[in-house]
Amino acid sequence: MKAVTWQGKRDVRVDTVPDPRIQEPTDAVIRVTSTGLCGSDLHLYEVLTPFMTPGDILGHEPMGIVEEVGAGVPDLKAGDRVVVPFQIACGNCWMCMTGLPTQCETTQVTSEGMGAALFGYTRLYGAVPGGQAEYLRVPQAQFGPIKVPEGPPDDRFVYLSDVLPTAWQAVAYADVPQGGSVAVLGLGPIGDMACRIAQLRGAGRVFGVDRVSERLRRARERGVETYDLRAFDNEKELVQAIRDETDGRGPDAVIDAVGTEAHGSAAAKLAQQASAMLPRKISGPFAERFSIDRLAALHTAIELVRRGGTISLSGVYGGMADPLPMLTMFDKQVQLRMGQANVRRWSDDIVPYLTDEDPLGVEDFATHRLPLSEAPHAYDMFQKKRDGAVKVLMTP
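Residues numbered from 1 in each chain as written. Predicted model: local features only at pLDDT ≥ 70, side-chain atom pairs only at ≥ 80, totals over all residues. Heavy atoms only, no water.

A. Spotlight on the UniProt feature "domain: Alcohol dehydrogenase-like N-terminal" (unreviewed entry) in the chain. Feature annotation in UniProt places "domain: Alcohol dehydrogenase-like N-terminal" (unreviewed entry) on residues 25–146, given in this structure's numbering. Counting secondary structure, residues 25–146 comes out at 10% helix and 23% strand; the distance between its end C-alpha atoms is 18 Å. (UniProt positions renumbered as here; feature names shortened; annotations may be inferred. Helix = DSSP H or I, 4+ residues; strand = E, 2+ residues; numbered from the N terminus.)

B. Structural context of unusual backbone geometry. Residues other than glycine seldom take positive phi values, yet R10 does so here, at roughly 55 degrees. Mapped onto the fold, R10 is located in the loop between β1 (2–8) and β2 (11–16). Although it is not a glycine, A127 sits at a positive phi angle of roughly 50 degrees. Within the secondary structure layout, A127 lies in the loop between α2 (94–97) and β7 (135–138).

C. Just the pattern of salt bridges, in detail. For the structure shown, the criterion picks out 27 salt bridges. A salt bridge links R306 to D252; the shortest N-O distance between them is 2.7 Å. Of this pair, R306 sits in the loop between α10 (296–304) and β13 (310–313) while D252 is found in the loop between α7 (235–243) and β12 (253–256), placing the two residues 54 residues apart along the sequence. Judged by relative accessible area, R306 falls into the partly exposed class, the value being 23%. Given a relative accessible area of 17%, D252 falls into the buried group. Residues joined by salt bridges that share partners form a network here, namely K9, R10 and E46. (Salt bridge = Lys/Arg side-chain N within 4 Å of Asp/Glu carboxyl O. Buried < 20%, exposed > 50% of the residue type's maximum accessible area, 1.4 Å probe, protein only.)

D. Representation of the packing of aromatic side chains within the structure. Using the criterion set out here, one finds six aromatic pairs in the structure. Geometrically, the ring pair formed by W168 and Y353 is tilted, given 5.9 Å between the ring centres and 40 degrees between the ring planes. Of the two residues, W168 sits in helix α4 (residues 163–174) while Y353 sits in the loop between α12 (343–350) and β15 (368–371), which places them 185 residues apart along the sequence. Its relative accessible area of 31% is what places Y353 among the partly exposed residues. Taken together through their ring pairs, the aromatic side chains of F207, Y227 and F232 make up a single cluster. Its end group placed over the ring of Y173, R337 keeps NZ or CZ at 3.8 Å from the ring centre. Positioned above the aromatic ring of W346, the side-chain terminus of R345 is 4.0 Å from the ring centre. (Phe/Tyr/Trp six-rings, centres within 6.5 Å; stacked < 30°, edge-to-face > 60°. Lys NZ or Arg CZ within 6 Å of the ring centre and 35° of its normal.)

Here it is in structure tokens:
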């Protein structure tokens, strides 16, 4: 089959690789019909290269048609249409039963000290072949796949794999009071969708911050009060502008949907780049112990949120030596929640909104649809934020 493989920093290729097959009774194999390109994939393209191996199959936002199931998958059959969550979880362990499938005790990558295995996402998360491919083996298929009806286009459902539950959890963790205010830093796919969900769940005012014109336009057209970073000389001016709109306090909550690749510290950027350039035998251990993130967005969130407010992190961070302003966080009584989205924890809450009325605007959410064969171009375009690329879907 054809699949998108990682070959090095900023080097992805569409290669011919062996077709997946059933290996365990709880496996399924699906024929992928749509697969997303996620901002998290760009971390593998640029920042988290020390944890990658040439030939790794990328992607964690697939949906498709079931081709085959193992004997331990009673609720799926060939021909079913399914969305596959990005994490792999059993549904039966203590963590899964408490609503934390990203900490699944069956699939935890204990050799790396990490949580549940993820599709297409470094050796830290099991190096499981991902979903930017013609076919995908789905472990723990007795729990993970979400069955969806025939008829509507893939665009209505494919975001159940990641974008929708990640944004939903970001808003749930932000704990925005009814009629309250929330600022969303970063209006890429997750930040954009988080704004829509915050509005849906009753936020009175939603502020969106970015530096990319197309992202700002999309959010503004849906009623978000947008702030263009390029219009401010520094962080303090931005913070003050939003405080002026919230009685001088700051918003009740801030969602950081940017993560480790935020614009900001040149030193942190240099450290990330240096780690990626080291020989692979050195770069992995170095990154595990000494890696740091670019924390501009998180520092802005800490400064911006009102005293006693909540910061919700949905942007991916991977540093192990990050300095944080603990005095400020403690003094302001900031509450901080974070983590990979627990997809099946939220999916049943989200599905009722995936209707013909389309209140979340999922069916026109993608800005680009490309064949899988154009994946190298898609990664380059998305990473450089060219051609108005906000969300890319690929079709095998």
